[in-house]
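If you want the building blocks of each chain, they are given just below.
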Amino acid sequence: MMRHTATLIAAICAGAVFLQGCNPADDASNSGSGTSPGTTRASARLDVKPADPLATVNGRPIPRSAIPQQHRPGPPGASDKMRDELVQRELLRQEAEKLNLLADPEVAEKVDNALRMAVSQAAAEYYVEHGKATDEEIRKEYEEKSAPLKKTEYKLRHIVLASEAAARDAIARLRKGEKFEELAKKLSTDTASKAQGGELGWQSQEKLAAPVSTALAGLKNGELAPAPVQTAAGWEVIQREDFREKQPPAFEQVKDQIARGLQVKRFQQHIETLKAAAKIEMPAPQPRAVPPSPASPAPSAPQQVKP
């Protein structure tokens, strides 16, 4: 599998177990040697026959895929060390089979959990690899997601005043040649923008008050609104400085991200389908037994005082 697939699986699985794994007790192989009558010898081994094994121990091959991804290829000598470690592990596994350790319920449960994780991971990777979105599906998702990202933005200044008369007087003074920045610093009641000469920077059309947005739409860059507009802040004198259409990221920039998102969505839907079709029982956890408290010593009889 490609590395991005493993990363995707890690993100959508988040360590959860999705599919029932193999139970070593169910797949136990009966070797027959060294066991008492009626005893089944369990095996924690699948019949793996790699074409190019890393090593073979007592006839059992170790596949090269047993080397963890983070150790490939590794510094010089690291592969030999890893191979020796894997050989030791195989020897111990064979020894565990001779000792029939899987007959121990706790050991069998650990192996079952490990197999469940590995097999569920394989099933998840298989589904993701075979559930890739087509280019048409990715393009459609892009169009749906990018449409709300297209925004009209204005760069503007304003002077906020307490009355319409004061605002109209400010417009008259601006038309006579007074500078907007200086007048804003003198008159505006908006303390946040006053020190910057009424500068508000770039603001999206959606975030602006409706009267302000309407006034800006009817102006050209550099123009002053002919009349003040009333908002919750007061009466505003508006000057449009610039205009732009904010575009979403280009399709090629986000294509892979959208494809992964669709894979995650499909995988989650697949899990919900499996859950809906399955019989899942979740018994309540058994309460822990509370150890009895130590018995209190019996009260001693009062000693009689001899006269």
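What counts and what doesn't
Residues numbered from 1 in each chain as written. Predicted model: local features only at pLDDT ≥ 70, side-chain atom pairs only at ≥ 80, totals over all residues. Heavy atoms only, no water. UniProt positions renumbered as here; feature names shortened; annotations may be inferred. Salt bridge = Lys/Arg side-chain N within 4 Å of Asp/Glu carboxyl O. Helix = DSSP H or I, 4+ residues; strand = E, 2+ residues; numbered from the N terminus. Buried < 20%, exposed > 50% of the residue type's maximum accessible area, 1.4 Å probe, protein only. Phe/Tyr/Trp six-rings, centres within 6.5 Å; stacked < 30°, edge-to-face > 60°. Pairing = 2+ DSSP bridges.

- In the annotation of an unreviewed UniProt entry, the protein is listed under the name peptidylprolyl isomerase and assigned to Methylococcus geothermalis.
- As recorded by UniProt, the Catalytic activity (unreviewed entry) comment attached to the protein reads in full: "[protein]-peptidylproline (omega=180) = [protein]-peptidylproline (omega=0)".

1. Focus: the pattern of salt bridges
Stage number 1. Within this structure, the stated rule accounts for 18 salt bridges.
Stage number 2. Here Glu90 ties to Arg93 by a salt bridge, and the two come within 2.9 Å at their closest N and O atoms. On the criterion of helical spacing, the pair formed by Glu90 and Arg93 is a turn pair, its members being 3 residues apart in helix H2 (residues 78–98).
Stage number 3. Exposure remark for Glu90: the relative accessible area of 5% places this residue in the buried category.
Stage number 4. For Arg93, a relative accessible area of 30% puts it in the partly exposed group.
Stage number 5. Between Arg173 and Glu178 there is a salt bridge, with the nearest N and O atoms lying 2.9 Å from each other.
Stage number 6. Residue classification places Arg173 among the partly exposed residues on the basis of a relative accessible area of 26%.
Stage number 7. Among the ionic contacts, a cluster of salt bridges with common partners joins Arg157, Glu181, Glu199 and Glu241.

2. Concerning the packing of aromatic side chains
Stage number 1. One pass over the structure, following the stated rule, counts 3 aromatic pairs.
Stage number 2. Judged by centre distance (5.2 Å) and plane angle (75 degrees), the rings of Tyr142 and Phe251 are edge-to-face. Within this pair, whereas Tyr142 is found in helix H4 (residues 135–146), its partner Phe251 is found in helix H9 (residues 251–277), the two being separated by 109 residues in sequence. Considered together, Tyr142 and Phe251 belong to a single accessibility category, that of buried residues.

3. Quick word on the pairing of strand S6 (residues 234–246)
Stage number 1. In this sheet, S6 lies alongside strand S3 (residues 151–161) in antiparallel orientation, the contact comprising 11 bridges. Note on S6: the bridge partner recorded for Ile159 is Val237.
Stage number 2. Across 3 bridges, the pairing between strand S5 (residues 229–231) and S6 is antiparallel. In the sheet register, Gln230 faces S6, and the bridge partner there is Trp235.
Stage number 3. If you look at the hairpin formed by S5 and S6, you'll find 2 residues sitting between the two strands.

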